[in-house]
Amino acid sequence: MHHHLPLATHTASLDITSSPRFWVRAQLAVRDVRSAFQLWRLCWTLSWLDIKLRYRGSVLGPFWLTLSTALMVGSMGFLYAALFHMDLHAYLPFLALSIVLWNFLSALVSESCTSFTAADSMIRSIRMPFMLYGARVVVRNVVILGHNVVVIVVVDLLLQVWPGVTALLAIPAFLLWLVAGVALSLMLGALCARFRDIPPIIGSVMQMAFFVSAVIWRPSQLNQHEWLLLFNPFYTILEVVRGPLLGEVPSLAVYASAGVATLVLCLMSALLFTRTRGRIAFWV
Amino acid sequence: MRAELVASHVDLDFPLYHGNARSLKKTVLKSVTGRLGDDGRSRVVVQALRDINFRLQPGDRLGLVGGNGAGKTTLLRVLAGIYEPLRGEVRVRGTLNALLDPNLGMNIELSGRENIMLRGLYHGLDPAQIRKLADDVASFADLGDFLDLPVRIFSSGMVVRLGFALATAIRPQVLLMDEWFLAGDANFMEKARARLEDMVRGAEILVLSTHLPNVIMDWCTRVIWLDEGVIRADGMPEEVLTQYLSHKPGA
């Protein structure tokens, strides 16, 4: 009387347990990550539907984001070019790129805080790898970034700026961003599910980081104090992607700082995820 | 693969977080000033399940009875792999599907069709199979044009129909079910019953939590009576049900 649909293979066999022992938990965490990879199509669809839902009923759809970014870049461009006494022709491409990339990073950080709590009803009613929720935040924001890239392209075309082949260096750096993004959304997602007063703290940290990380001003404006920026991971992580796209190769020190920051983030996230994965369902 | 569901020595403590336990600031301050509360972290821990043991094989239809807060739903969630017990183990062989809460992890902002697609993807179906799934669910749940509208505007009966159709369209070898599905209208209950019996007849495992004695008598071959997270009785439906009903306060 009904169709015999084939059954999923990844749920065909399961041992449900947890353990206070670290190495058992580590194995379970690895299993979680592996099964999330098998569900990549679900992850992609969830991310896409997230965006669709946000803009359901609006004519422009996700291009609202592009429009608001364009307005932000336009208005800030004129304002700060005047304030900093800079040539708009040189400043605007820099600002467009900076703002689009920073908005991506900043949204990634703040949405990481709700990677699990926003999916509470799903977590409580169906067993899914927790990694899936982490990856969903990253994929969703990459799609949004894809819409905002239009702003950069339009500014560059209008002002006839072209970064050259150096731009290709941004690709491996961006892949590093994706890894760091997943690590971040697992870590902050778990922390914020347990401690509900963390998101506002993260919010103010990101606001401060925006001003101190050479997003709207050029690092060279610090003159002899420029080296201080190397100790600001927000700056170095931004710079490894932004620099090449402006046609500048970041210094080795910048790469080293960004690399160390990402590594530390990934290690912390792996430890925390291993420790908390089995508890997240109780916390959300 | 032959279906099997085994719970061995399952213990589950359910931490309840409230007020200060949710706050990082308060937690840090407390550990710094050394004024430690009840269990050290001002958490209330409910002993939700204690030493749960059973083994189910194809054809077994287990009914769970017990008062509110006895641990029936928690046990179903452990069997579904949502809560992981710190002690003990649940072993599932065969595909598993759980109908646990009326929304079933559906996103109520999304349309019925989008929710069907997500469920299909979760079970690893390809696009052609997902289309088939959507047809099957649409015809069984009888939602008509509502299928393309957000689940948010569905009546509770329609949500139940969609959830039931969806959970039973992807045929699991092990089906876990909470009592809420009985909330469907009488006409739907007949259809649901036919579909569910069709599924259980395929030598699969059913675990059902319910308050209704007649449902247990009709559907179950074995009953476990849970009381405060402990198995009070385990056996044939008539025996356990008689014990349970005679102990039930006010019954």
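Residues numbered from 1 in each chain as written. Chains lettered and ligands numbered in written order. Predicted model: local features only at pLDDT ≥ 70, side-chain atom pairs only at ≥ 80, totals over all residues.

*Asks:* For this particular structure, what's the right way to read the overall build of chain B?
*Replies:* Of regular secondary structure, chain B possesses eight helices and nine strands. Relative to its full complement of 251 residues, chain B shows a buried share of 46%. Across chain B, the fraction of contacts at a sequence separation of at least 24, relative to all contacts at a separation of at least 6, is 75%. (Helix = DSSP H or I, 4+ residues; strand = E, 2+ residues; numbered from the N terminus. Buried ≥ 20, exposed ≤ 12 C-beta atoms within 10 Å, placed from the backbone. Contact = placed C-beta atoms within 7 Å.)

*Asks:* Explanation requested: the overall build of chain A in the structure shown.
*Replies:* Secondary structure assignment for chain A yields 11 helices and one strand. Reading the helices (α) and strands (β) of chain A from amino to carboxyl end gives β-α-α-α-α-α-α-α-α-α-α-α. Rg of the C-alpha trace for chain A: 21 Å, near the compact-globule value of 19 Å for 284 residues, within the 12% margin. Considering chain A as a whole, with its 284 residues, one finds that 40% of them fall into the buried category. For chain A, restricting intrachain contacts to residue pairs at least 6 apart in sequence, the fraction spanning at least 24 positions comes to 78%. (Rg over C-alpha atoms; globule rule 2.2 N^0.38 Å.)

*Asks:* What is the right way to look at the interface of chain B and chain A in this model?
*Replies:* Size of an interface, as often reported, equals the accessible area lost when the parts are brought together. Taken together, the contact between chain B and chain A spans 47 residues of the former and 39 residues of the latter. Where the side of chain B that touches chain A is concerned, the elements lending two or more residues are β1 (4-16), α1 (24-33), β4 (87-93), α3 (112-122), α4 (127-141) and α6 (186-201) of chain B. The class makeup of the residues in the side of chain B that touches chain A is 24 nonpolar, nine polar and 14 charged. (Nonpolar A, V, L, I, M, F, W, Y, C, P; charged D, E, K, R; others polar.)

*Asks:* Whenever I open this one, helix α8 (residues 198-212) of chain A confuses me. Can you help?
*Replies:* For an α-helix the count is 3.6 residues per turn, leaving residues at separations of three or four pointing the same way. Its 15 residues place the ends of α8 of chain A 21 Å apart at the C-alpha level, agreeing with the 21 Å of an ideal helix rising 1.5 Å per residue. Positioned one or two residues after α8 of chain A, A214 of chain A has a phi angle of 55°, which is positive. (Expected span 1.5 Å × (residues − 1).)

*Asks:* How should I be thinking about the nonpolar core in this particular structure?
*Replies:* Considering soluble globular proteins, one finds that nonpolar side chains tend to be buried as a cluster. Among the nonpolar cores identified, the biggest contains 144 residues, and A96 and L132 of chain A together with V78, L79, V137, L176 and V207 of chain B are the most heavily contacted of them. Not counting residues within four places of it along the chain, the set of residues in contact with V207 of chain B comprises L62, L64, L76, L79 and L176 of chain B. (Core = buried A, V, L, I, M, F, W, Y, C linked by C-beta atoms within 7 Å.)

*Asks:* Quick question: what am I supposed to make of the environment of F154 of chain B here?
*Replies:* All names here are of chain B. Within the element layout of this structure, F154 appears in the loop between α4 and α5 (156-169). Judged by local crowding, F154 falls into the buried class, with 20 C-beta atoms found within 10 Å. Sequence-wise, F154 and K72 are 82 residues apart; in three dimensions their C-alpha atoms are separated by 28 Å. Among residues more than four places away in sequence, those in contact with F154 are F146, V159 and L162.

*Asks:* Looking at this structure, how should I read the sheet that holds strand β7 (residues 205-209) of chain B?
*Replies:* Pairing between the strands of a sheet comes from backbone hydrogen bonds, and it takes one of two forms, parallel or antiparallel. Residue and element names in this part refer to chain B. Spatially, the six strands line up as an open sheet ordered β5-β6-β7-β3-β8-β9, and their pairing is mixed. Two strands lie at the open edges of the sheet, namely β5 (96-99) and β9 (230-235), each paired on one side alone. When the angles between neighbouring strand axes are averaged without regard to direction, this sheet yields 15°. As paired elements, strand β6 (residues 174-177) and β7 share four bridges and run parallel to each other. Following the sheet pairing, L175 is matched in β7 by L206. (Pairing = 2+ DSSP bridges. Axes fitted to C-alpha atoms, helices over the stretch in contact; angles between N-to-C directions.)

*Asks:* What am I meant to see in the pairing of β5 of chain B here?
*Replies:* A regular strand places its side chains so that they alternate between the two faces of the sheet. Residues and elements named next belong to chain B. Residues L96 and A98 of β5 are buried on one face, and the alternating residues N97 and L99, pointing to the opposite face, are buried as well. Looking at chain direction, β5 and β6 are connected through four bridges and run parallel. From the neighbouring strand, L99 faces β6, where its bridge partner is M177.

*Asks:* So what exactly am I meant to see when it comes to the environment of M199 of chain B here?
*Replies:* Note on placement: M199 of chain B falls in helix α6. Residues M199 of chain B and A141 of chain B lie 58 residues apart in sequence; the distance between their C-alpha atoms is 16 Å.

*Asks:* Which parts of the structure should I look at to understand the confidence of the model for chain A?
*Replies:* Atom-level detail of predicted coordinates should not be read off regions where pLDDT is low. The share of residues in chain A with pLDDT of 70 or more is 95%, and the mean pLDDT across the chain is 90. Contacts from residues 1-10 of chain A, a stretch scored under 50 in pLDDT, to residues over four places away or in other chains number 26 contacts. (pLDDT = per-residue confidence, 0-100.)

*Asks:* Even after reading the chapter, I still don't get the environment of G88 of chain B, so can you show me in this structure?
*Replies:* Residue and element names in this part refer to chain B. Following the sequence through the fold, G88 ends up in strand β4. Its 20 C-beta neighbours within 10 Å are what place G88 among the buried residues. With 37 residues separating them in the primary sequence, G88 and L125 have C-alpha atoms 32 Å apart. When residues no more than four places from it in sequence are discounted, the contact partners of G88 are S8, H9, V10 and D11.

*Asks:* Even after reading the chapter, I still don't get the pairing of strand β8 (residues 222-227) of chain B, so can you show me in this structure?
*Replies:* All names here are of chain B. Bridging between strand β3 (residues 61-65) and β8 involves four bridges; their strand directions are parallel. Within β8, the residue paired with G63 across the bridge is V223. Where β8 meets β9, five bridges bridge the pair, whose relative direction is antiparallel. The partner of L226 across the bridge, within β9, is I231.

*Asks:* Could you clarify how one ought to interpret helix α1 (residues 22-38) of chain A in this entry?
*Replies:* Residue and element names in this part refer to chain A. For α1, which comprises 17 residues, the first-to-last C-alpha distance of 25 Å matches the rise-based estimate of 24 Å (1.5 Å per residue) to within 8%. Residues of α1 that are buried include every one of A29, D32 and A36, and no others. Buried residues of α1, seen end-on, are gathered within an arc of 55° and therefore sit on one face of the element. Seen from the open side of α1, the exposed residues pointing more than 90 degrees away from its buried face are W23, R34 and F37. (Arc of directions from axis to C-beta.)

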